[in-house]
Amino acid sequence: MEDDLKQYLRSRDVPEENIILMEREKIDRAVLSIMTDEQVGKYIPSYGSVAKRFQSINAENTEENRRLYRQLLFTADDRINPCIGGVILFHETMYQKTDDGKPFPQHLKERGMVVGIKVDKGVVPLAGTNGETTTQGLDGLYERCAQYKKDGADFAKWRCVLKITPTTPSRLAIIENANVLARYASICQMHGIVPIVEPEILPDGDHDLKRCQYVTEKVLAAVYKALSDHHVYLEGTLLKPNMVTAGHSCSNKYSNQEIAMATVTALRRTVPPAVPGITFLSGGQSEEEASINLNAMNMCPLHRPWALTFSYGRALQASALKAWAGKKENGKACQDEFIKRALANSQACQGKYVSSGASAAGGDSLFVANHAY
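Residues numbered from 1 in each chain as written. Predicted model: local features only at pLDDT ≥ 70, side-chain atom pairs only at ≥ 80, totals over all residues. Heavy atoms only, no water.

A.B. asks: I tried to follow the pattern of salt bridges on my own but got confused; where do I start?
C.D. replies: Pairing between side chains becomes possible if they bear opposite charge and their charged atoms approach one another. Counted under the stated rule, the structure contains 19 salt bridges. Two residues, Arg70 and Glu92, come together in a salt bridge whose shortest N-O distance is 2.6 Å. Taken together, the positions of Arg70 in helix 6 (residues 63-74) and Glu92 in helix 7 (residues 91-94) put the pair 22 residues apart, joining distant regions of the chain. Side by side, Arg70 and Glu92 carry an identical accessibility label, which is buried. Several salt bridges share partner residues, and in doing so they unite Asp77, Arg79, Lys332 and Asp336 into one network. (Salt bridge = Lys/Arg side-chain N within 4 Å of Asp/Glu carboxyl O. Helix = DSSP H or I, 4+ residues; strand = E, 2+ residues; numbered from the N terminus. Buried < 20%, exposed > 50% of the residue type's maximum accessible area, 1.4 Å probe, protein only.)

Right under this line is the structure:
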């Protein structure tokens, strides 16, 4: 196993015995890149977003439990239909079925939802930088996209990660990640798959709102330059950015209106009007914060040529997961909380959300340091 990979695993708090096991079984970066999430989970117990979420409610992270939880969300009643237009699936979920044997993609399509697929293979260290990363998974992406399209996927997602410190993001990290996103987007479009381009700037650090806005503008400008260089058809893409917020450890607190103004300003300066929609990630904000900030953006007095909507993971599911707690008898409570958040964010997309603060985990911070999956 490569020394930098060992160092990276230790930085993610992977137990030493797991690293030794990986060395013994000759699991290096090349092997990791072709393993499924479940296989990786054998060596890295907290691997994957779902693994971390299950850990938080003391539920066993098995494939069947993951299927049951996803099924609860996918079978919530018709109130979610106008709120959720598409669902991003992992490879595992793409091939799971409902209790009555219907593949999840087919079930979602019958509900009028578009099926998406996460196609990147996670972040890896970018050599020669101060702890920065790039995202792997371009190898074999052409073939994987062809298969996913056959299996029902109409859009895809690829996440790159940058962080703000006094010395980062470096020019190298910005350009490398922009080019990776552009190459991914180009390959997707060759197969009739709409790429969601996700250059996430992590909320870790004590930087202020102005610094985040500056970095966001530099990163997005580089991304759209790369997309242009790679001849990506912008009308057939979506952007999934972070909101412009101060670092999680910043002593200054900013209003929702200030966050909205900084975010919309950054987007107006960098995102062409040809892009039809911007689907924000929640970035460790609480459920309420994510909804209120999205609402504030849709009430912002500045002209917005794109739809501003949501593509939340943690901020759509935290209350639902807490209500479920891994117990079958809590299924209805789980779905009710999920519907509540879906309705709240649907209203926020129209600038009509009024906070009630009544969700099970609505105000809980969902911040995870160096968030990776």
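Read on, since the account is not over.
A.B. asks: Which parts of the structure should I look at to understand the packing of helix 11 (residues 209-229) against helix 12 (residues 256-270)?
C.D. replies: For any two helices packed against each other, one specifies the crossing angle of their axes together with the interaxial distance. Between helix 11 and helix 12, the least distance of the axes is 9 Å, while the angle of their chain directions is 25 degrees. In terms of axis orientation, helix 11 runs roughly parallel to helix 12. Between helix 11 and helix 12 lies a crossing of right-handed hand. When helix 11 is examined against helix 12, the residues Leu209, Gln213, Thr216, Glu217, Leu220, Ala221 and Tyr224 are found in contact with a partner set consisting of Glu258, Ile259, Ala262, Thr265, Ala266, Leu267, Arg269 and Thr270. Taken together, the residues of the contact of helix 11 with helix 12 sort by class into 8 nonpolar, 4 polar and 3 charged. (Axes fitted to C-alpha atoms, helices over the stretch in contact; angles between N-to-C directions. Parallel < 35°, antiparallel > 145°, perpendicular 65-115°, else oblique. Left-handed = near helix turned anticlockwise from the far one by under 90°. Contact = heavy atoms within 4.5 Å. Nonpolar A, V, L, I, M, F, W, Y, C, P; charged D, E, K, R; others polar.)

A.B. asks: Could you clarify how one ought to interpret the packing of helix 14 (residues 314-324) against helix 15 (residues 331-348) in this entry?
C.D. replies: The geometry of helix 14 relative to helix 15 is characterised by a closest axis approach of 7 Å and an angle of 165 degrees between their N-to-C directions. The pairing of helix 14 with helix 15 is recorded here as roughly antiparallel in orientation. Note on packing geometry: the crossing formed by helix 14 with helix 15 is right-handed. Residues Ala315, Leu316, Ser319, Ala320, Ala323 and Trp324 of helix 14 form the contact with helix 15, whose participating residues are Ala333, Cys334, Glu337, Phe338, Arg341, Ala342 and Asn345. Among the residues forming the contact of helix 14 with helix 15, the class breakdown is 9 nonpolar, 2 polar and 2 charged.

A.B. asks: Sorry, what's going on with the packing of aromatic side chains here?
C.D. replies: In this description, an aromatic ring pair is defined by two values, namely the gap between the centres and the angle between the planes. All told, the structure shown has 4 aromatic pairs when counted by the stated rule. Taken together, a centroid distance of 5.0 Å and an interplanar angle of 85 degrees make the contact between Phe74 and Phe104 edge-to-face. A residue pair is termed long-range when its members are at least 10 positions apart, and Phe74 in helix 6 and Phe104 in helix 8 (residues 104-110) qualify at 30 residues. Phe74 sits in the buried class, given a relative accessible area of 8%. (Phe/Tyr/Trp six-rings, centres within 6.5 Å; stacked < 30°, edge-to-face > 60°.)

A.B. asks: What exactly am I supposed to notice about the pairing of strand 9 (residues 307-310) here?
C.D. replies: Side chains of strand 9 alternate between two faces, with Leu308 and Phe310 buried and Ala307 and Thr309 left unburied. Here 4 bridges tie strand 8 (residues 277-280) to strand 9, and the two strands are oriented parallel to one another. What sits directly across from Gly277, in strand 9, is Ala307. Read as a crossover between parallel neighbours, the route from strand 8 over helix 13 (residues 287-297) to strand 9 is right-handed. (Pairing = 2+ DSSP bridges. Right-handed = clockwise from strand over helix to strand, strands pointing away.)

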